[in-house]
Amino acid sequence: MWVGRFSLLLLLICWLPSFNLLAGTTKPQVQPAQPEVFDIDVDHVKVLESAGSKLYLGTSDGFYILDTLTNDALLLDYDNGLISKSIHSVTQDPDGETLWLGTYGGGLVELVMQDGQPKTEIYNVRHGLNDSFVYDVEFDKAGDMWIGTWSGANKVSGDINKRANWTKYTVENTNKGLSDDWVYAVEIDSKQRKWFGTEVGISLFDGEQWKKWDHNDGLGAGIDIVRKDVHDVKTALRGDHHETQIAAQTAKGANYNYNPNYVVSMELGPKENLWIGTWGGGLSLFDVETETFTNYTTRDGLPSNFVLALGFDKNGVLWIGTIKGLASFDGKTIKQHYQYEGLLSRFVYSMTFAEDGSFWVGGRKGITRIPVTAHE
Amino acid sequence: MNKIASLLLSLLFLFPVIASGGLQESLKNGKEIYHAYCSVCHGDKGDGQSFVRNVIKTPPLDFTDKKLADQFSVERMRWAILLGKPGTAMPAWRFDLTLLQVSDVITYIRKEIMGLELTEPVSPEAAIYK
């Protein structure tokens, strides 16, 4: 249904000099141009994707298509056939007509607009999907769809309605080549190799062989480096699987929350190295040639060692969303941005760069457009 | 024969029915299956308290609700697991679980979560034969 125009709150933010309050220092921050804050009354904008003048938002309240020229918005939720209104991924099909939504508990949703109306089809376990929790979808050059779920990865080749076209990859059937069945991120490099970010490290599938790396290989900073930052961070991670993985990385009775193996975010960089945001272990750069990790933490200038979102702008600058705000990394220096001002919350879940140069940031309570001049 | 009966019969032929072990073995297997397939929605304790309950159209059932035990027969649970519940987040597990696995998880849910008295595991043979 169309929900009308977004309430555009052009917050008259006074850009007083900001300071790194969280780190307890008085290091001046980069001052942006005035951002626009869109009050869309949604929680947890976990996905942001830009497509021309359209902006796709995956939230905990449904999927929004925002026309950034008119501010008209279309909301997809239960009324449009979704079973889950929590959207974790959105991917454009190579056909250019179809969007694929990964949902939390509601399977994989195929979305096509027909005469201005959304048409949805849900794919779930009975079709061949590993489970109903879909965290990422990517297409390779052959047109095959690769899906990350909480029960391993799927590949779909050809007609999605034929169960025989679905292939499952699990810890068990890959002989532990896949690090963990909880797959949060899928990346495909120019060699068409598939990278999987899981809760127990990263895995690489070249079409025949599997390789994997974890904290023992250097993924994520050690607890001695991040102990102060992760101390007393309240976790949203509950359930046997999360707790087992965290317990494996923490001392018994420890009052901190830390799993450097947990790939919360993952992005292939311009040089095809892998950038990995971890849960408490900071930002990890994996050099795919030397197969070595370099870790960046609050000691290097990150706002937090819990890294939720990553994205590269057109200049190759890496933008980093954390639980304590936004940072950028030009390869030499990490700068912190807008820890409180402009962003609607300190939690930065998502980001995207629009064709007009605008930089959109999604957080716990809405989205912010940061003009091009602000981040260049 | 109507379509539903035909479907049920065809399902029975699709799944090999393996003789079940004792109650303890069934409970052990059922617990593993529950935590692999069910707890993410129905909660580790079976009370429906999970993150997903707030974002799906129909909240997952609370198996600890005493009223549920009266309403949900073994057969109703069996077909819900095998065929799913259309229009809800309950998936159809018929391609992923054998009839024996389904029976084991029902055994676990009914005894350990619903607190029902069971002296033997739920039979993997569907009631259509009975």
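Scoring rules and cut-offs
- Numbering of residues begins from 1 in every chain and follows the order in which that chain's sequence is written.
- Chains and ligands are labelled sequentially in the order written, the chains with letters from A and the ligands with numbers from 1.
- Only residues with pLDDT of 70 or above have their local features reported here, since the model is predicted, and side-chain atom pairs are shown and tallied only from 80 upward, although totals for entire chains, interfaces and linings are computed over all residues.
- Strands here mean DSSP runs of E at least two residues long; helices mean DSSP runs of H or I at least four residues long; both are numbered from the N terminus.
- With C-beta atoms placed from the backbone, a residue is labelled by how many other C-beta atoms lie within 10 Å of its own: buried for 20 or more, exposed for 12 or fewer, partly exposed between the two.
- Note on contacts: residues are paired as contacts if their backbone-placed C-beta atoms lie within 7 Å.
- The criterion for strand pairing is that DSSP finds at least two bridges linking the strands in question.
- Only the stretch in contact is used when fitting a helix axis, every axis being a line fitted to C-alpha atoms; angles between N-to-C directions are given from 0 to 180 degrees.
- Note on residue classes: Ala, Val, Leu, Ile, Met, Phe, Trp, Tyr, Cys and Pro are nonpolar, Asp, Glu, Lys and Arg are charged, and everything else, Gly too, is polar.
- Between the first and last residue of a helix there are one fewer steps than residues, each counted as 1.5 Å, and that sum is the expected span.
- One axis is fitted to the seven residues ending at the residue and one to the seven starting there. The bend at that residue is the angle between these axes.
- Here the angle decides the label: under 35 degrees means roughly parallel, over 145 means roughly antiparallel, 65 to 115 means roughly perpendicular, and every other value means oblique.
- A set of buried Ala, Val, Leu, Ile, Met, Phe, Trp, Tyr and Cys residues, joined through C-beta atoms within 7 Å, is what we mean by a nonpolar core.
- For every residue, the predictor states its confidence as a pLDDT score lying anywhere from 0 to 100.

Q: Help me understand the overall build of chain B, please; the structure alone is not making it clear to me.
A: Broken down by element type, chain B carries 5 helices and 0 strands. Element order for chain B, N to C, with α for helix and β for strand: α-α-α-α-α. Here chain B, with 130 residues, has 37% of them falling under the buried criterion. Within chain B, contacts between residues separated by at least 24 positions form 57% of all contacts whose residues are at least 6 apart in sequence.

Q: Just to check I follow, could you spell out the sheet that holds strand β17 (residues 194-198) of chain A for this structure?
A: Consider a sheet: its strands pair through backbone hydrogen bonds, and that pairing is either parallel or antiparallel. Residues and elements named next belong to chain A. Taking strand neighbours across the sheet as the criterion, the 4 strands line up as β16-β17-β18-β19 in an open arrangement whose pairing is antiparallel. Looking at the sheet topology across the chains shown, the edges are occupied by β16 (183-188) and β19 (210-213). Ignoring which end each strand starts from, the neighbouring axes of this sheet average 20° apart.

Q: Sorry if this is basic, but what is going on with helix α4 (residues 74-83) of chain B here?
A: In an α-helix, one full turn covers 3.6 residues, which means residues spaced three or four apart are oriented alike. All of the buried residues along α4 of chain B are M77, R78, W79, I81 and L82 of chain B. Downstream of α4 of chain B by one or two residues, G84 of chain B has phi in the positive range, about 75°.

Q: Would you mind showing me how to read the interface of chain A and chain B here?
A: For an interface, size is often stated in terms of accessible area lost upon the parts coming together. Each partner contributes residues to the interface: chain A has 17 residues there, and chain B has 16 residues. Residue classes in the side of chain A that touches chain B are distributed as 6 nonpolar, 8 polar and 3 charged.

Q: I'm lost on helix α2 (residues 23-42) of chain B in this one. Help?
A: All names here are of chain B. Compared with an ideal rise of 1.5 Å per residue, which puts 20 residues at 28 Å, α2 spans 23 Å between its outermost C-alpha atoms and falls more than 12% short. At H35, α2 shows its maximal bend, which comes to roughly 50°. All of the buried residues in α2 are S26, N29, G30, I33, Y34, Y37, C38, V40, C41 and H42. Here the buried face of α2 lies against α5 (99-113). Just past α2, the residue G43 takes up positive phi, approximately 90°.

Q: Sorry, what's going on with the sheet that holds strand β12 (residues 134-139) of chain A here?
A: All names here are of chain A. Spatial ordering of the open sheet is given by β12-β13-β14-β15, a layout of 4 strands whose pairing is antiparallel. The sheet is open, and its two edges are formed by β12 and β15 (166-169), each paired on a single side. Each adjacent strand pair in this sheet contributes to an overall mean axis angle of 20°, direction not counted. In terms of strand pairing, strand β14 (residues 152-156) meets β15 through 4 bridges, oriented antiparallel. Each residue of the ladder has a partner; that of N154, found in β15, is K168.

Q: Before we go on, may I ask you to explain the packing of α2 of chain B against α5 of chain B in this structure?
A: Working note: a packed helix pair is described by the angle between its axes plus the distance between those axes. Residues and elements named next belong to chain B. Where α2 meets α5, the axes come as close as 7 Å, and the angle between the chain directions of the two elements is 95°. Regarding the angle of α2 to α5, the classification is roughly perpendicular. Listed contacts from α5 to S26, L27, N29, G30, K31, I33, Y34 and C38 of α2 are Q101, D104, V105, T107, Y108, I109, K111 and E112. A class-by-class count of the residues in the contact of α2 with α5 yields 7 nonpolar, 5 polar and 4 charged.

Q: What exactly am I supposed to notice about the pairing of strand β5 (residues 54-59) of chain A here?
A: In regular strands, side chains alternate between the two faces of the sheet. All names here are of chain A. Burial within β5 is extensive, with 5 of its 6 residues counted as buried. The pairing of strand β4 (residues 47-51) with β5 spans 5 bridges and is classified as antiparallel. Paired with L48 across the bridge in β5 is L57. Bridge count for β5 against strand β6 (residues 62-67) is 6 bridges, and the pairing is antiparallel. Bridging from a neighbouring strand, L55 pairs with L66 of β6. Taken together, β5 and the strand that follows it, β6, pair antiparallel across an intervening segment of 2 residues.

Q: What is the right way to look at the nonpolar core in this model?
A: One recurring pattern in soluble globular proteins is that nonpolar side chains are buried together. Core analysis: the biggest nonpolar cluster contains 117 residues, and L57, L308, I320 and V361 of chain A have the highest contact counts within it. Here this core gets 8 residues from one element, more than from any other, and that element is α5 of chain B. Sequence-distant contacts of L57 of chain A, that is, excluding residues within four places in its chain, are made with V45, V47, L48, F63, Y64, L66, G362 and I367 of chain A.

Q: Could you clarify how one ought to interpret the confidence of the model for chain A in this entry?
A: For residues with low pLDDT, the predicted coordinates do not support detailed interpretation. Per-residue pLDDT for chain A has a mean of 85; in total, 80% of the residues score no lower than 70. Long-range and interchain partners of residues 1-33 of chain A, a stretch whose pLDDT sits below 50, account for 55 contacts in this model, where long-range means more than four residues apart.

Q: Looking at this structure, how should I read the confidence of the model for chain B?
A: All names here are of chain B. Here chain B averages 85 in pLDDT, while 80% of its residues score no lower than 70. Looking across chain B, the model is least confident in helix α1 (residues 3-14), with a mean pLDDT of 54, and most confident in α5, with 96. When the criterion is pLDDT under 50, residues 15-19 qualifies, and its contacts beyond four places in sequence or with other chains add up to 8 contacts. Scoring of the predicted complex yields 0.85 for pTM and 0.77 for ipTM.

Q: Explain the environment of L97 of chain B to me, please; I cannot follow it from the model alone.
A: Residues and elements named next belong to chain B. Tracing the sequence through the fold places L97 in the loop between α4 and α5. The class for L97 is partly exposed, based on 19 C-beta atoms found within 10 Å. Counting along the chain gives 22 residues from L97 to E75, while the straight-line C-alpha distance between them is 16 Å. In contact with L97, not counting residues within four places along its chain, are I81 and V102.

Q: Explain the environment of Q192 of chain A to me, please; I cannot follow it from the model alone.
A: Residue and element names in this part refer to chain A. Within the element layout of this structure, Q192 appears in the loop between β16 and β17. Q192 sits in the exposed class, given 12 other C-beta atoms within 10 Å. Placed 51 residues apart in sequence, Q192 and K141 show a C-alpha to C-alpha distance of 7.2 Å. When residues no more than four places from it in sequence are discounted, the contact partners of Q192 are D140 and K141.

Q: Please clarify how the pairing of β19 of chain A should be interpreted in this entry.
A: Residue and element names in this part refer to chain A. Two strands pair when backbone bridges link them, and strand β18 (residues 201-205) and β19 are joined in this way by 4 bridges, in the antiparallel orientation. Residue pairing in the sheet places S203 in a bridge with K212 of β19. As consecutive antiparallel partners, β18 and β19 are separated by 4 residues, and within that stretch G207 has a phi angle of approximately 105°, a positive value.

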